[in-house]
Structures are given as structure tokens and as C-alpha cells.
Amino acid sequence: VAPVLILLTKRCVTPFGVMVAGALCTVGIFFMRYDLVVAGQIVPMREDTDGIINGLVSYSPSLAEYGIVLGALATCMFLYTLAEKVFDLEIKEY
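Note that the structure is a prediction, hence the values are computed from the model and not measured.

Next up on the list: the overall build of the chain. In terms of helices and strands, the chain carries three helices and two strands. In the chain, which comprises 94 residues, the share counted as buried stands at 6%. Per element, the accessible surface of the chain, about 8700 Å² overall, is 70% carbon and sulfur.

Listed below in C-alpha cells is the structure:
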């Protein structure tokens, strides 16, 4: 709700305000995904599962998962750079 309120407030629609709204969305999505992963590990689906520490199944990201995150970040940076070169993003005062 906070990012939407920031973007609806006319005084806060500045590059910094949009950055804060985007950062709040990113943090919220991170904790949503983190909660999904942890909740999925609370009860093991198989009997005699090895690697259970404090009731949670141990997990470490694979090389492919690291690559997906790195590729997503690179794609975002590329698209931003492309949009900056192709489109007129300057704020015009009337």
C-alpha cells in the first residue's frame, strides 16, 4: 500500500520518490518469496529426510539460480539503458 500512496501523492512523484516506491516493492517481494520458501520447508514431504536443521530442510542455491538472478539484473540494466537512449525521458515543465 505504501508504494501506491507514494506514487499517488503529487508532491512525492519525483525520481527519488519513484525510487523509494520501487525499493519498497522490491523489499516486499523479497520477503514474500522468502516466506514462501521457508514455509515450504517447515514440514518435510518425505520421511527420513536428511539435512534437516532446526526443523528446516537445508538449502543452498544452485549455479543456475545464481545465473538467473544475474541475468535478470543484467536485463533490467540493459532495458533501462536502452530506454534512456531511445526515449525522451526528460521531465518537461509547461
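Our next topic: a nonpolar patch on the surface. A cluster of nonpolar side chains, contributed by Phe78, Leu79, Leu82, Val86, Phe87 and Leu89, occupies part of the molecular surface with about 630 Å² of accessible area. Inspection of the secondary structure puts Leu79 in helix H3 (residues 63–86).

Applying the stated rule across the entire model yields two aromatic pairs. Ring plane angle 75° and centroid distance 5.2 Å describe the contact between Phe30 and Phe31, whose orientation is recorded as edge-to-face. One aromatic cluster is present, formed by Phe30, Phe31 and Tyr34 through successive ring pairs.

What counts and how
- For every chain, the first residue of the written sequence is number 1, and numbering continues from 1 onward in sequence order.
- Whole-chain, interface and lining totals are the exception, using all residues; otherwise, since this is a predicted model, local features are given only for residues with pLDDT of at least 70 and side-chain atom pairs are given and counted only at 80 or more.
- Based on all heavy atoms of the structure, the side-chain values leave hydrogens and waters out of the count.
- Labels follow the DSSP assignment, with helices taken as runs of H or I lasting at least four residues and strands as runs of E lasting at least two, numbered in each case from the N terminus.
- Each residue is placed in one exposure class: buried if its accessible area under a 1.4 Å probe, protein chains only, is under 20% of its type's maximum, exposed if it is over 50%, and partly exposed if it falls in between.
- Per-residue accessibility takes into account occlusion by the displayed protein chains alone, with areas from the Shrake-Rupley method and a 1.4 Å probe.
- Patch building starts from residues that exceed 30% relative accessible area and form no salt bridge, then joins like charges within 9 Å and nonpolar side chains (Val, Leu, Ile, Met, Phe, Trp, Tyr) within 5 Å.
- Basic side-chain nitrogens of Lys or Arg form a salt bridge, by our definition, when they fall within 4 Å of a carboxyl oxygen of Asp or Glu.
- Centres within 6.5 Å make a pair out of two Phe, Tyr or Trp rings, where for Trp the six-membered ring is used; the pair is then stacked when the planes are under 30 degrees apart, edge-to-face when over 60, and tilted otherwise.

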